[in-house]
Amino acid sequence: MAISTISLPPSPGLRELSDEAAVPGRAWLNQMAVHPDVRGTGLPRRPWETGRTWAAGQGTTSVCVDTAAPAEPLVAIYRVWGFEPTGTIHWEGKRYDSVVMVRLTVE
């Protein structure tokens, strides 16, 4: 199983943490969860593609995501999906920073 959620516009909390979240027309990929049994199968791409299609239909021009900086495999996956790092944020209560990544095209 793989699921994802996208916010349009990004939440107020994200807009406080990152200027990237305040860009007009930008959506935020909030969560991506993949069951360990299906990791490496390409299954996570399906909910991302569905969410991206929905976001494009809403007039979104770009999408951001943040992920734990130490989670290098996730950062690598988002790079394959066309996201580029733009900075970092720090969520309250976390011991690590998160990498903010943007994909300038939705399609």
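The structure this text deals with has already been given above.
Definitions and cut-offs
Residues numbered from 1 in each chain as written. Predicted model: local features only at pLDDT ≥ 70, side-chain atom pairs only at ≥ 80, totals over all residues. Heavy atoms only, no water. Helix = DSSP H or I, 4+ residues; strand = E, 2+ residues; numbered from the N terminus. Expected span 1.5 Å × (residues − 1). Buried < 20%, exposed > 50% of the residue type's maximum accessible area, 1.4 Å probe, protein only. Arc of directions from axis to C-beta. Phe/Tyr/Trp six-rings, centres within 6.5 Å; stacked < 30°, edge-to-face > 60°. Core = buried A, V, L, I, M, F, W, Y, C linked by side-chain atoms within 4.5 Å. Salt bridge = Lys/Arg side-chain N within 4 Å of Asp/Glu carboxyl O. 1 Å grid on protein atoms, 1.4 Å probe; cavity = no way out; pocket = protein on both sides within 12 Å on 5 of 7 lines; lining within 4 Å. Points joined across faces, edges and corners; volume = space filled by probe spheres on them. Nonpolar A, V, L, I, M, F, W, Y, C, P; charged D, E, K, R; others polar.

(A) Inspection of helix α2 (residues 45-57) at higher detail. Here α2 spans 18 Å end to end across 13 residues, near enough to the 18 Å set by a 1.5 Å rise per residue. Buried within α2 are the following residues: Pro47, Trp48, Gly51, Arg52 and Ala55. With its buried residues spanning 135 degrees around the axis, α2 presents them on a single face. Seen from the buried face of α2, the exposed residues on the opposite side, beyond 90 degrees, are Arg46, Thr50, Thr53 and Gly57. Gly59, located one to two residues past α2, shows a positive phi value of around 90 degrees.

(B) Seen up close, the packing of aromatic side chains. This model, assessed by the stated rule, comprises two aromatic pairs. Ring geometry for Tyr78 and Trp81: centres 5.7 Å apart, planes at 75 degrees, overall edge-to-face. When its relative accessible area of 6% is taken as the criterion, Tyr78 is described as buried. Overall, the relative accessible area of 7% leaves Trp81 in the buried class. Aromatic pair Tyr78 and Phe83: ring centres 5.8 Å apart, planes at 70 degrees, arrangement edge-to-face. Accessibility expressed as a relative area gives 0% for Phe83, which makes it buried. Following the ring pairs from residue to residue traces out a cluster consisting of Tyr78, Trp81 and Phe83.

(C) View of the nonpolar core. Grouped together as the largest cluster of nonpolar side chains are 14 residues, with contacts concentrated most on Leu29, Trp48, Val63, Val65, Tyr78, Phe83 and Met101. Counting only elements with at least two residues in this core, the list comes to β2 (26-34), α2, β3 (62-68), α3 (72-80) and β5 (98-103). Leu14, Ile89, Val100 and Val102 belong to the second-largest nonpolar core, a separate cluster that totals seven residues.

(D) The arrangement of the pattern of salt bridges in detail. Counted by the stated rule, this structure contains two salt bridges. When the shortest N-O distance is used, the salt bridge between Glu84 and Arg79 registers 3.2 Å. The partly exposed category is assigned to Glu84, whose relative accessible area is 41%. What makes Arg79 partly exposed here is its relative accessible area of 42%.

(E) Quick peek at the layout of surface pockets. What the largest pocket holds in volume is close to 280 Å³. Lining the largest pocket are 13 residues, and of these Val34, Arg39, Pro44, Leu74 and Ile77 lie nearest its centre. At four residues, the largest contribution of residues to the lining of the largest pocket is made by α3. Of the residues assigned to the lining of the largest pocket, the class counts are nine nonpolar, two polar and two charged. Taken as a whole, the second largest pocket holds about 200 Å³ of empty space. Around the second largest pocket, the lining comprises 16 residues; the ones closest to its centre are Leu29, Asn30, Gln31, Asp66 and Thr67. Within the residue set of the lining of the second largest pocket, elements represented by two or more residues are β2, β3 and α3.

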